[in-house]
Amino acid sequence: MPAPFRLATTGDAPALAHLAATVWPEEHFAAAQIAGALADPTHRSIIAVTDTCFIGFVDCFAVYEGNGVRRWEIDLLAVSPAHRGKGIGRSLVKAATDAGNDAGIPHARTVVAVGNTASERAFAACGFAPVSAPCAICATDRIGTRERAFAATRRCIRVVTFGYTGWWLEESYGDSPADDASSAGSIADGDRTGILVPTASADAIERAAIAGFEAVGTYQIWTR
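The shown structure was predicted, so the numbers you read here are calculated from the model rather than taken from an experiment.

Chemist: Whenever I open this one, the overall build of the protein chain confuses me. Can you help?
Modeler: A count of helical and extended segments in the protein chain gives seven helices and 11 strands. In terms of overall size, the protein chain behaves like a compact globule, its C-alpha atoms giving a radius of gyration of 17 Å where 224 residues would be expected to give roughly 17 Å. On the principal axes, the C-alpha backbone points of the protein chain span a range of 50 × 35 × 35 Å. Contacts spanning at least 24 positions in sequence make up 69% of the contacts within the protein chain whose residues lie at least 6 apart.

Written out as structure tokens, the structure reads:
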């Protein structure tokens, strides 16, 4: 991988936590959590560097969709505020998609916050396009009876990210409801658990809220 990009290692976790906190000051990033993600064999985390500091990164990993298809998830894209507007984000997205291709997973997905035009431009330049209407990310850290019952109707995907270790809920694919229910039973209280819900569906938003999931932002799914 040509400079100024390279693959991240677990030793990079403190510097990556610092950069992530600079880009998203409202979020909490722990070096130990990031190191755990970097140690996960399904992850590829790519950093942009100068002689003195990290100026950007992208984190991506493989998951299985409910129909058995492998998907390359581009989870976080960050560029230092002082280095934006130089094409670094676009180059990182390309490096991330190249990593997916190298892993034999050409199907790539990301979730972009509505209104984040810089990320939209970076992904569009690399062949991504939005494939969903705006959706709310609804999430919870509390898993009780009602939350677990809601999760049991969905495909439960275990994820390790820079921000949390937890579960992602997606629509179930007909042949394996028992597997989905079994996964839901594995969710522990305190696990961060989230789902995308179309904002145009007031009924779906209400069902998620009744199940204990709180809307935390509006996003769109982009794929290539």
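Chemist: Teacher, can you tell me more about the packing of helix H3 (residues 88-102) against helix H4 (residues 117-125) here?
Modeler: Packing of H3 against H4 leaves a shortest axis separation of 8 Å and a crossing angle of 45 degrees. Looking at the two axes, H3 sits oblique to H4. You can see that H3 and H4 cross each other, and the crossing is right-handed. Across the interface between the two elements, Gly89, Arg90 and Val93 from H3 touch Ala122, Phe123 and Ala125 from H4. Partitioning the contact of H3 with H4 into residue classes produces four nonpolar, one polar and one charged.

Chemist: Just checking my understanding: could you explain the side chain of Glu170 for this structure?
Modeler: Relative to the elements of secondary structure, Glu170 occurs in strand E9 (residues 165-171). Side-chain polar atoms of Glu170 contact the side chain of Arg71, separated by 2.7 Å. Looking at Glu170, its side chain comes within polar contact range of the side chain of Trp168, at 3.4 Å.

Chemist: I keep staring at the nonpolar core and nothing clicks. Help me out?
Modeler: Soluble globular proteins: nonpolar side chains tend toward being buried together. Counting 25 residues, the largest nonpolar core has Trp72, Ile74, Leu92, Phe123 and Phe128 as the members making the most contacts within it. The greatest single-element share of this core, amounting to six residues, is contributed by H3. Counting residues in each nonpolar core, the second largest holds 18 residues, with Ala17, Ala37, Leu38 and Phe54 among its members.

Chemist: Just checking my understanding: could you explain the pattern of salt bridges for this structure?
Modeler: Pairs can form between side chains of opposite charge once their charged atoms are near each other. Enumeration over the complete set of coordinates arrives at 12 salt bridges. Across the pair Lys94 and Asp98 runs a salt bridge, and its minimum N-O distance is 2.9 Å. You can see Lys94 and its partner Asp98 sitting in helix H3, four residues apart, about one turn around the helix. According to the relative accessible area criterion, Lys94 is partly exposed, its value standing at 47%. Where Asp203 meets Arg207, a salt bridge forms, and the shortest distance between an N and an O atom there is 2.1 Å. One end of the pair is Asp203 and the other is Arg207, both in helix H7 (residues 202-210) and four residues apart, which spans about a single turn. When salt bridges that share partners are traced, they join Glu65, Arg71, Glu73, Arg109 and Glu170 into one network.

Chemist: Teacher, can you tell me more about H4 here?
Modeler: Residues spaced three or four apart along an α-helix point in a common direction, a consequence of the helix completing one turn every 3.6 residues. Listed as buried for H4 are Ser119, Ala122 and Phe123. Here the buried residues of H4 occupy an arc of 90 degrees about the axis, which is enough to place them on one side. In H4, the exposed positions angled more than 90 degrees off the buried face are occupied by Arg121 and Ala125. Contact partners of the buried residues in H4: strand E4 (70-79), H3, strand E5 (108-113) and strand E11 (214-223).

Chemist: Hey, could you run me through the packing of aromatic side chains in this one?
Modeler: Two measures describe an aromatic ring pair: the distance that separates the ring centres and the angle between the ring planes. Counted under the stated rule, the structure contains five aromatic pairs. On the numbers, 5.3 Å between centres and 40 degrees between planes, the contact of Phe57 with Phe162 is tilted. On the criterion of sequence distance, the pair formed by Phe57 in strand E3 (residues 54-64) and Phe162 in the loop between strand E8 (154-160) and E9 is long-range, its members being 105 residues apart. Accessibility assignment for this pair places Phe57 and Phe162 in one class, buried. Here the aromatic rings of Phe123 and Phe128 are separated by 5.1 Å at their centres, their planes lie at 80 degrees, and the arrangement is edge-to-face. Of the two residues, Phe123 and Phe128, both sit in the buried class. One aromatic cluster is present, built from ring pairs that chain together Trp24, Phe29, Phe57 and Phe162.

Rules behind the numbers
- Every chain is numbered on its own, with residues counted from 1 as its sequence reads.
- Local features in this predicted model are restricted to residues whose pLDDT is 70 or higher, and side-chain atom pairs enter the listing and the counts only when it is 80 or higher, whereas totals over whole chains, interfaces and linings include all residues.
- By convention in this description, side-chain values take in all heavy atoms of the structure and omit both hydrogens and water.
- A run of H or I in DSSP becomes a helix once it reaches four residues, and a run of E becomes a strand once it reaches two; helices and strands are each numbered from the N terminus.
- Here the radius of gyration uses the C-alpha set of atoms, whereas the globule reference equals 2.2 Å times the residue count to the power 0.38.
- The contact criterion used is simple: two residues touch if any of their non-hydrogen atoms lie within 4.5 Å.
- In this analysis an axis means a line fitted to C-alpha atoms, helices contributing only their contacting stretch, and an angle means the value between N-to-C directions, from 0 to 180 degrees.
- Roughly parallel refers to an angle under 35 degrees, roughly antiparallel to one over 145, roughly perpendicular to one between 65 and 115, and oblique to any angle outside these ranges.
- By definition, any crossing whose near helix is turned counterclockwise from its far helix by less than a right angle is left-handed, and any crossing with a clockwise turn is right-handed.
- Put simply, Ala, Val, Leu, Ile, Met, Phe, Trp, Tyr, Cys and Pro go in the nonpolar bin, Asp, Glu, Lys and Arg in the charged bin, and everything else, Gly too, in the polar bin.
- Here a polar contact is recorded for every N or O atom pair within 3.5 Å, except that within protein the pair must consist of a potential hydrogen donor and a potential acceptor, and residues adjacent in sequence are included only if both atoms are side-chain atoms.
- Throughout this description, the term nonpolar core refers to a set of buried Ala, Val, Leu, Ile, Met, Phe, Trp, Tyr and Cys residues connected via side-chain atoms within 4.5 Å.
- Three exposure classes are used, based on accessible area relative to the maximum for each residue type with a 1.4 Å probe and protein chains only: buried under 20%, partly exposed in between, and exposed over 50%.
- The salt bridge criterion pairs a side-chain nitrogen of Lys or Arg with a carboxyl oxygen of Asp or Glu, the two atoms within 4 Å.
- The directions from the helix axis to the C-beta atoms form the arc being described.
- Under the pairing criterion, centres of Phe, Tyr and Trp rings, with the six-membered ring standing for Trp, must be within 6.5 Å; the plane angle then separates stacked pairs below 30 degrees from edge-to-face pairs above 60, leaving the rest tilted.

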